[in-house]
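Structural features, examined
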Amino acid sequence: MAQVLRPNTTGSLFATDGKAHPLQDTLLVVTLVLGITAFVTAMFHSLHLISSWTGLVGIITGAYGQFVSITTRQRFGLILGLGASAIGLFLGMAHGGLFGGIVGG
């Protein structure tokens, strides 16, 4: 056998440098969950409040996650979450916005 198998002792799927990154991994998971939620709820016109708010929060957490990310795998997942969050936010805004289309007055 040409290669020696080394066990993954870090316990993190996204740490390619051999170190644990709990903050970055948490931001990655939160961004992905918010992005998927925003994307799925954006497909329904009546759920525009959920899609726009989760999209906005997903973009904020994803942007901060990009700022503090260390490995390429983390950045890849964050970009997927950011894209889904942005689509959810944009479609949620088109369907009624953050406040349900309420106009003061």
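Quick note: structure is the one above.
A brief structural summary. One numbering rule holds for all chains: residues counted from 1, following each sequence as written. It should be noted that, the model being predicted, local features are given only for residues of pLDDT at least 70 and side-chain atom pairs only at 80 or more, the latter also being counted only at that level, while totals for whole chains, interfaces and linings use all residues. The basis for the side-chain values is all heavy atoms of the structure; hydrogens and waters are excluded.

This part takes up helix H3 (residues 72–95). Given 3.6 residues to a turn, an α-helix orients residues that are three or four positions apart in the same direction. For H3, built from 24 residues, the straight-helix expectation of 34 Å at 1.5 Å per residue is met to within 8% by its first-to-last C-alpha distance of 35 Å. In this scheme, a residue with accessible area under 20% of its type's maximum is buried, one over 50% is exposed, and one in between is partly exposed, where area comes from a 1.4 Å probe on protein chains only. Put simply, DSSP marks the helices as runs of H or I at least four residues long and the strands as runs of E at least two long, and each gets a number from the N terminus on. For H3, the set of buried residues is Gln74, Gly77, Leu78, Gly81, Leu82, Ala84, Ser85, Ala86, Gly88, Leu89 and Gly92. In what follows, residue pairs with any heavy atoms lying within 4.5 Å of each other are defined as contacts. Elements in contact with the buried residues of H3: helix H1 (22–41) and helix H2 (48–68). Once H3 ends, the next one or two residues include Gly96, with phi positive near 160 degrees. A helix is expected to span 1.5 Å for every residue after the first.

Turning our attention to the packing of aromatic side chains. Aromatic ring pairs are described here by two measures, namely the spacing of the ring centres and the angle between the planes. Two rings from Phe, Tyr or Trp (for Trp, the six-membered ring) form a pair when their centres are within 6.5 Å of each other. A pair whose planes differ by under 30 degrees is stacked, one over 60 is edge-to-face, and the rest are tilted. What the rule picks out here adds up to two aromatic pairs. Aromatic side chains Trp53 and Phe99 sit 5.8 Å apart centroid to centroid with 80 degrees between the ring planes, which places their arrangement in the edge-to-face category. Of the two residues, Trp53 is situated in helix H2 and Phe99 in the segment after H3; the sequence distance between them amounts to 46 residues. With a relative accessible area of 36%, Trp53 lands in the partly exposed category. Ring geometry for Tyr64 against Phe67: centres 6.5 Å apart, planes inclined by 35 degrees, an arrangement best described as tilted. Of the two residues, Tyr64 and Phe67 are both situated in helix H2; the distance of three residues between them amounts to about one turn of the helix.

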